[in-house]
Amino acid sequence: MIRTDDMDTGALLDRAAAYADDHDVDAVCVASTSGETGAAAVEYFGDELVVVGHSYGFDETNEQELDADHVEAIEAAGGDVFVGPMAFSNVGSAIAERDGYATHEVIADVLRLFGQGTKVAVECPLMACDAGLVDSGSRVLSIGGTGSGADTALLVEAANTRDLFDARVLDVIAKPGDAENLIYW
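Residues numbered from 1 in each chain as written. Predicted model: local features only at pLDDT ≥ 70, side-chain atom pairs only at ≥ 80, totals over all residues. Heavy atoms only, no water.

A. Spotlight on the pairing of strand 5 (residues 139-144). Most of strand 5 is tucked away, with five of its six residues classed as buried. Pairing analysis gives four bridges linking strand 2 (residues 27-31) to strand 5, with the strands arranged parallel. Within strand 5, the residue paired with valine 28 across the bridge is leucine 141. Note: strand 5 against strand 6 (residues 152-157), six bridges, orientation antiparallel. Within the sheet, the bridge partner assigned to valine 140 lies in strand 6 and is valine 156. (Buried < 20%, exposed > 50% of the residue type's maximum accessible area, 1.4 Å probe, protein only. Helix = DSSP H or I, 4+ residues; strand = E, 2+ residues; numbered from the N terminus. Pairing = 2+ DSSP bridges.)

This is the structure:
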């Protein structure tokens, strides 16, 4: 595992691509809000790539945050783009606002103990699986981040959201950390 608090997205993608070359990976998921990280990742992963963006209306009503030029570049290289509800958000958030409690928030918050990128990297294969873009049980190299760019890479066994507890984090390739508390695998 590598520390990524001093690493840029390109360096993380280099590391993730090298990992994919050396390991049995069925697909690659990359979270991308604007599409910039997804467009960078397509250079590494081509038609193995699924870029997962926010649903329409996530930030502003009826608006999509993915830049059309980035989407075009991803699709031209054979990658897929998925936009839809986040597995640990949306409907559950509406219930929580009304009733004050939702289990999906507990799951998301526990994953965030390892970093926001970990929560995202677990969530993306679930969403891609629900969309039929990766198969349940497949080994997915999943890349997420905190804010902008990518800072986390995990190998995840994919599952549908309804089968959340069948998903598995198989390997930690990179995550944020600090020098005093960093563990290398």
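B. Summary view of a negative patch on the surface. A grouping of Asp21, Asp22, Asp47, Glu48, Asp67, Asp69, Glu72, Glu75 and Asp80 is seen on the molecular surface, where their side chains present a negatively charged patch. For the negative patch, the secondary-structure elements that each account for two or more residues are helix 1 (9-22) and helix 3 (68-76). Considering every element that reaches the negative patch, the biggest residue donor is helix 3, with three residues. Within the secondary structure, aspartate 67 sits in the loop between strand 3 (49-53) and helix 3. (Patch = residues over 30% accessible without salt bridge, like charges linked within 9 Å, V, L, I, M, F, W, Y side chains within 5 Å. Areas by Shrake-Rupley, 256 points an atom, 1.4 Å probe, with all protein chains shown as cover. Salt bridge = Lys/Arg side-chain N within 4 Å of Asp/Glu carboxyl O. Lys, Arg positive; Asp, Glu negative; His and termini not counted. Charge placed at Lys NZ, Arg CZ, Asp CG, Glu CD.)

C. Fine view of the environment of alanine 16. Position of alanine 16 among the secondary structure elements: in helix 1. Given a relative accessible area of 0%, alanine 16 falls into the buried group. Considering only alpha carbons, one finds alanine 16 and threonine 152, 136 residues apart in sequence, at a separation of 9.5 Å. In this view, alanine 16 contacts Phe45, Leu141 and Ile143; residues no more than four positions away in its chain are not counted. (Contact = heavy atoms within 4.5 Å.)

D. Here's a closer look at the packing of helix 1 against helix 2 (residues 36-45). Interaxial distance between helix 1 and helix 2 falls to 10 Å at its minimum, and their mutual angle equals 35 degrees. Note on packing geometry: the crossing formed by helix 1 with helix 2 is right-handed. Across the interface between the two elements, Thr9, Gly10, Leu13, Asp14, Ala16, Ala17 and Ala20 from helix 1 touch Thr37, Ala40, Ala41, Tyr44 and Phe45 from helix 2. (Axes fitted to C-alpha atoms, helices over the stretch in contact; angles between N-to-C directions. Left-handed = near helix turned anticlockwise from the far one by under 90°.)

E. Summary view of the side chain of threonine 37. The topology assignment puts threonine 37 in helix 2. The contact partners of threonine 37, leaving out residues within four places of it in the chain, are Thr9, Val30, Ala31, Ser32, Gly149 and Ala150.

F. Helix 2, seen in detail. When helix 2 is considered as a whole, its buried residues turn out to be Thr37, Gly38, Ala39, Ala41, Val42 and Phe45. Residues of helix 2 that are buried sit in contact with helix 1, strand 2, strand 3, helix 3 and strand 5. One or two residues past the end of helix 2 sits glycine 46, with phi positive at roughly 50 degrees.

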